[in-house]
Amino acid sequence: MEVSNLNMVAGQEQEFAKLISEKNVDGIKEQMSSHESAAIAALKEYNTDTHPIMERPDKQVYDKKGNWLKTESVWRLPVPYPVYINEISLVFLYGRPVKWTQDSQGTDEVFQRFIAILKDVRFNSRIRQCKRLAGAEETSAMLWRVFRNKKGQPDVQVKILAKSLGDEIRTQWDQYGNLLSAGWGYFLREGTDVVYHFDIFTPNIIFRCKQVGGSWQIIEEENLIGKIPLIIFQQKKEWGDVFHLINREEHIASKTGDTNDYFADPIALMSASLIENLPEKQEPGKVLIVDDEEGVENAAKYLTWDNAPASKEKEIEWLQNHILTKSFTPKIDMETMRSLSGVSGKALKQLMFLADIKASKHKETHEDLLDRIAKLVLAIIGNVTDIRLSTQVEKTVIGHEFQEPFAEDIAEVLTDLGRAKDDGGLSEETYIEMNPLIKDPILEKERIRKEREERLKKRDDIFGRGL
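None of these values were measured; they are calculated from a predicted model.

S.K.: Explain the overall build of the protein residue by residue, including any values.
M.R.: For the protein, the helix and strand inventory stands at 16 helices and 15 strands. Counting every position in the protein, which comprises 467 residues, the buried fraction comes to 35%. The long-range share in the protein, meaning contacts at least 24 apart out of those at least 6 apart in sequence, stands at 63%. Approximately 28800 Å² of the protein is accessible, and the part contributed by carbon and sulfur atoms is 52%.

This is the structure we're talking about:
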């Protein structure tokens, strides 16, 4: 770390220590970045109930003299494009679980423990929740908590934080993007009172703060993990660049709904002399009597609306196309799905290239997030849950791979792997790790080793040793 950065961090730490000693939690919060206003604005666009079209006023009807007659309801038709765009983005990034790899030798026990912890905390569903929430409100967080379970053993829990879940997230970064501290605000019911809490996380100490009677109470707690236990997910809202287009389509659709109500049903057009002879609604076999000189064709007919303006249809088509393409979202409907039946995974990837482009962009930041998650879980193993493995933890290197949302043709993959192995370009160990049929490479390697030993033993028993 450069001298200037060290000085800045030291100054921040001194100021932080001063504010903590004064129990000035509000001052600490002011030094942190708040993500609340951005989240509120994004959620307003994400939820259809708060789209601008919902503020469209009803129509007031007046007579020719300007006297108010009645209020006519108008259509308000919000379209959940943001939800659709966000879900497609999520599927193409985490639709299939992240594949974790052991990139170090002699660290099998730690790697198995790493995978077990991720399974226990339901990591795959948790990271999807974080990505969905971040795509909807720009910021979410994954809080890793260590505690003693009912058996008195150290355990791990993951909680998802977001504004829509009632959480306040604050962060403090240095100029290089390193997280210096993080804050979590929330309300808890204590007896008959609802009390505001604000936890401050630093690498060494967790400050549990709560507001009581206008003042702050602070309890210092050792951070056993040794790292800030929050993974912060930050991004721009998935539909941000096309929201004005969405507003325009909703406006056209709503006004079209009003027009359809007015014109779509046929209007009876008849001469005044027939009005007196109209049959009652309940009469069977209705008869309409007309004068001979009127003639049936001229006496009564229906006025119908032949079609909607073509320009409106073209604009809606234009809007729908640009909303999807400019948000890098493929169009997936029943017609598209029928045309894709029987298509291979590679072909699907080519057809869905827009979403693949967006997923590649997200990977630029999620690569760092997954690396930090791996290091955080290793710290939990070495410092809290399995201290006996701390030496092995120091040597452990864990990598990750994003998996394609569409499953590959397994037969094709196995054929390619087999050829590479037979040609000497792939070791047996790598073949096992890359085999899509093998769920646990470490366990599979152990099984193969035992089977090989058993075969050698049987051979020795039959033919004797040394052969």
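S.K.: Can you break down the sheet that holds strand β6 (residues 154–161) residue by residue, with the values?
M.R.: Strand-to-strand pairing in sheets goes through backbone hydrogen bonds, with the strands running parallel or antiparallel. With antiparallel pairing, the three strands of this open sheet are ordered in space as β6-β5-β12. What marks the edges here is a single partner per strand, and that holds for β6 and β12 (230–234). Taken pair by pair, the neighbouring strands of this sheet meet at an average axis angle of 15°, ignoring direction. Each of β5 (139–148), β6 and β12 is contacted by helix α6 (residues 123–137), which is oriented at about 145° to β5, the strand it contacts most. The sheet contacts of helix α12 (residues 353–385) involve β5, β6 and β12, and relative to β12 the element is tilted by about 170°.

S.K.: I'd like to hear about the pattern of salt bridges, residue by residue, with values.
M.R.: Counted under the stated rule, the structure contains 18 salt bridges. Between Asp386 and Arg113 there is a salt bridge whose closest N-O contact spans 2.7 Å. Remark: Arg113 occurs in helix α5 (residues 108–120) and Asp386 occurs in the loop between α12 and α13 (390–395); sequence separation between them is 273 residues. Relative accessible area serves as the criterion here: at 12%, Asp386 is assigned to the buried category.

S.K.: Requested: an account of the sheet that holds strand β9 (residues 193–201), with residues and values cited.
M.R.: Pairing within the open sheet is antiparallel, and its six strands lie in the order β1-β7-β8-β9-β10-β11. In this open sheet, the two strands that pair with only one neighbour each are β1 (33–34) and β11 (215–222). With eight bridges connecting them, strand β10 (residues 205–212) and β11 associate as antiparallel partners. The partner of Cys209 across the bridge, within β11, is Ile218.

S.K.: Give me the lowdown on the packing of helix α4 (residues 81–94) against α12, citing residues and values where you can.
M.R.: Packed helices, taken two at a time, are described by the angle between their axes plus the distance between the axes. Taken N-terminus to C-terminus, the directions of α4 and α12 make an angle of 65°; their axes are 9 Å apart at the nearest point. Crossing geometry of α4 relative to α12 is assigned as right-handed. For the pair formed by α4 and α12, the contact residues are Ile85, Ile88, Ser89, Phe92, Leu93 and Tyr94 on the first element and Ala355, Asp356, Lys358, Ala359, His362, Lys363, His366 and Leu370 on the second. Of the residues that constitute the contact of α4 with α12, the class distribution is eight nonpolar, three polar and three charged.

S.K.: Hey, could you go over helix α3 (residues 36–46) for me, with residue numbers and the actual values?
M.R.: Regarding α3, the residues found buried are Ala39, Ala42, Leu43, Glu45 and Tyr46. Projection of α3 onto a plane perpendicular to its axis shows the buried side chains occupying an angular sector of 160°, all on one side.

S.K.: Tell me what's going on with the packing of aromatic side chains, and back it up with residues and numbers.
M.R.: As enumerated under the stated definition, the model contains nine aromatic pairs in all. Ring centres 6.4 Å apart and planes at 15° place the aromatic pair Phe111 and Phe114 in the stacked group. Placement of both Phe111 and Phe114 in helix α5 is noted, with a separation of three residues, approximately one turn of the helix. By relative accessible area, Phe111 is classed as buried at 8%. Accessibility expressed as a relative area gives 0% for Phe114, which makes it buried. Among the aromatic side chains, those forming a connected cluster through ring pairs are Trp100, Phe111, Phe114 and Phe123. The positively charged end of Lys29 is found above the aromatic ring belonging to Phe198, 5.1 Å away from the centroid.

S.K.: So what about unusual backbone geometry? Which residues, and what values?
M.R.: The residue Lys23 is not glycine, and still its phi comes out positive at about 55°. For Lys23, a relative accessible area of 46% corresponds to the partly exposed category. Unusually for a residue other than glycine, Arg122 sits at a positive phi of about 55°. Within the secondary structure, Arg122 sits in the loop between α5 and α6.

What counts and what doesn't
Residues numbered from 1 in each chain as written. Predicted model: local features only at pLDDT ≥ 70, side-chain atom pairs only at ≥ 80, totals over all residues. Heavy atoms only, no water. Helix = DSSP H or I, 4+ residues; strand = E, 2+ residues; numbered from the N terminus. Buried < 20%, exposed > 50% of the residue type's maximum accessible area, 1.4 Å probe, protein only. Contact = heavy atoms within 4.5 Å. Areas by Shrake-Rupley, 256 points an atom, 1.4 Å probe, with all protein chains shown as cover. Pairing = 2+ DSSP bridges. Axes fitted to C-alpha atoms, helices over the stretch in contact; angles between N-to-C directions. Salt bridge = Lys/Arg side-chain N within 4 Å of Asp/Glu carboxyl O. Left-handed = near helix turned anticlockwise from the far one by under 90°. Nonpolar A, V, L, I, M, F, W, Y, C, P; charged D, E, K, R; others polar. Arc of directions from axis to C-beta. Phe/Tyr/Trp six-rings, centres within 6.5 Å; stacked < 30°, edge-to-face > 60°. Lys NZ or Arg CZ within 6 Å of the ring centre and 35° of its normal.

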